[in-house]
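# Report on the structure
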Amino acid sequence: MAATAMEIQEFSLLDDQECDARIEAAKAALGDRVVILGHHYQRDEVFKHAHFSGDSLKLSREAASCDAEYIVFCGVHFMAEVADILSRRDQVAILPDMAAGCSMADMANLRNVERAWRELNEVLGDADAAVTPVTYINSAADLKAFCGRHGGIVCTSTNARQVLEWSFAQREKVLFFPDQHLGRNTGFGMDISLDEMVVWDFDQPMGGLSRDEILNARMILWKGFCSVHQMFRPQHIENWKQDHPDGIVISHPENAFEVCQKSDFVGSTEYILNTVRQAEPGSKWLVGTELNLVNRLHHEMKPKNVQVQFMSPTVCMCSTMFRTDPQHLAWVLENLVDGKVVNQIKVPDDEADQARKALDLMLQVSN
Ligand code: 13P
Ligand code: SF4
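Residues numbered from 1 in each chain as written. Chains lettered and ligands numbered in written order. Predicted model: local features only at pLDDT ≥ 70, side-chain atom pairs only at ≥ 80, totals over all residues. Heavy atoms only, no water.

The terminal C-alpha atoms of helix α2 (residues 16-30), which comprises 15 residues, lie 21 Å apart, in line with the 21 Å expected from a rise of 1.5 Å per residue. Next to the buried residues of α2 lie β1 (34-39), α3 (44-47), β3 (70-74) and α16 (326-337). Phi turns positive one or two residues past the end of α2, at G31, with a value near 55°. (Helix = DSSP H or I, 4+ residues; strand = E, 2+ residues; numbered from the N terminus. Expected span 1.5 Å × (residues − 1). Contact = heavy atoms within 4.5 Å.)

The next subject is the site of ligand 2. Lining the immediate environment of ligand 2, one finds Y41, C102, S103, M104, N138, C226, V228, E254, C318 and M321. Residues that form the shell around ligand 2 fall into these classes: 7 nonpolar, 2 polar and 1 charged. (Near = heavy atom within 4 Å. Nonpolar A, V, L, I, M, F, W, Y, C, P; charged D, E, K, R; others polar.)

Our next topic: the site of ligand 1. The full set of residues close to ligand 1 is H39, Y41, D55, S56, Y136, N138, S157, H229, H252, E254, S268 and T269. S157 is positioned such that a nitrogen or oxygen atom in its side chain is 2.7 Å from an oxygen atom of ligand 1. A distance of 2.6 Å separates an oxygen atom of ligand 1 from a polar atom in the side chain of T269. For ligand 1, whose accessible area on its own is 300 Å², the fraction buried by protein is 96%. A class-by-class count of the residues in the shell around ligand 1 yields 2 nonpolar, 8 polar and 2 charged. (Polar contact = N/O pair within 3.5 Å; in protein donor to acceptor, adjacent residues only side chain to side chain. Areas by Shrake-Rupley, 256 points an atom, 1.4 Å probe, with all protein chains shown as cover.)

In this structure, Q204 sits in the loop between β8 (197-200) and α11 (211-216). Overall, Q204 belongs to the partly exposed group, its relative accessible area being 37%. (Buried < 20%, exposed > 50% of the residue type's maximum accessible area, 1.4 Å probe, protein only.)

Once that is clear, we can look at the pattern of salt bridges. Evaluated as defined, the whole model comprises 23 salt bridges. Between R88 and D67 there is a salt bridge, with its nearest N and O atoms 2.9 Å apart. Of this pair, R88 sits in the loop between α5 (77-86) and β4 (92-94) while D67 sits in the loop between α4 (56-65) and β3, and the two are 21 residues apart along the sequence. R88 gets classed as partly exposed once you look at its relative accessible area, which sits at 37%. With a relative accessible area of 62%, D67 lands in the exposed category. The partner of E165 in a salt bridge is R161, with the nearest N and O atoms 3.0 Å apart. With E165 and R161 both in helix α9 (residues 160-170) and 4 residues apart, this pair spans about one turn of that helix. By relative accessible area, which is 40% here, E165 ends up partly exposed. A single network of salt bridges, built from pairs that share partners, joins E18, R22 and E334. (Salt bridge = Lys/Arg side-chain N within 4 Å of Asp/Glu carboxyl O.)

Set out below in structure tokens:
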């Protein structure tokens, strides 16, 4: 009889130090059969075990090109789905804690997006001819598949502009989901006026919009947002600038329009890290993104005499990224050593094929 998988309960009693030793031992036993990917928002106790770290785009490319049998994704659910879709079908993507989702991704679902598409069809005649659907990578695989089926594409915070340029070259309008802020911030940077961008309220018939509003819009922005980034306010920047008039502000594009407008630089998590790492000694930075990244950057830059300050006066971190702890990482790795896969993320083949179309397009466009 096959041995049963070790239970997470056994691991939840271990302290972090014991987990460290067991994670390292399991990594050594598995060798190049496993690759651990760590998103920049992971807590230090997990992040330090990653073979590769990065933003969503960098980690997607890593998953697409890696040869390991097992891809353990220390991030959130949609990231592990992308790793599964872009890797070979015989490779196995694993999410250490299945409860690590993304609240923004959950703000759009297939039923609501298909209803929106039907309603857009009613107004525009043929939505497929008039609208390019663009999903932020922070979305479920079935929405990426929807984009694949309707000539659409995926974007990340790194390549949103290139993806939108491609999208407008295909059709006159874009339906952008689920993050209204990334859509608005990127569109505005491409000289699309705020008047030409409307918000689609998925709880309302016709998105709460009139026919004319839909007909006149260039971008239709889904009413989704990130609960972490919505904590950063323009007032935080104004207050900090009073004490640091020469300070530099850098933000993630999931922030509200007003925050991004007051920022000197806007970009992905990888961009934020790279930009601050090149900062002049003596410079002071206010950073509008998740706390674990900012704390690590603060400690890294302090000896270089670069001051890094978190934008919000209150602690706000991504609670779902935080779900992944050393206990879950040790649990999935030791099971792999034992020849058992736990917490596999497997996108059904037909859905993966459609989603891959939209993801491959993104990778081509953002080369
Ligand atoms: P990045 O791709 O910039 O890392 O962003 C992912 C994310 O979820 C930010 O909230
Ligand atoms: Fe999702 Fe926001 Fe967490 Fe990023 S920070 S994973 S968008 S909830």
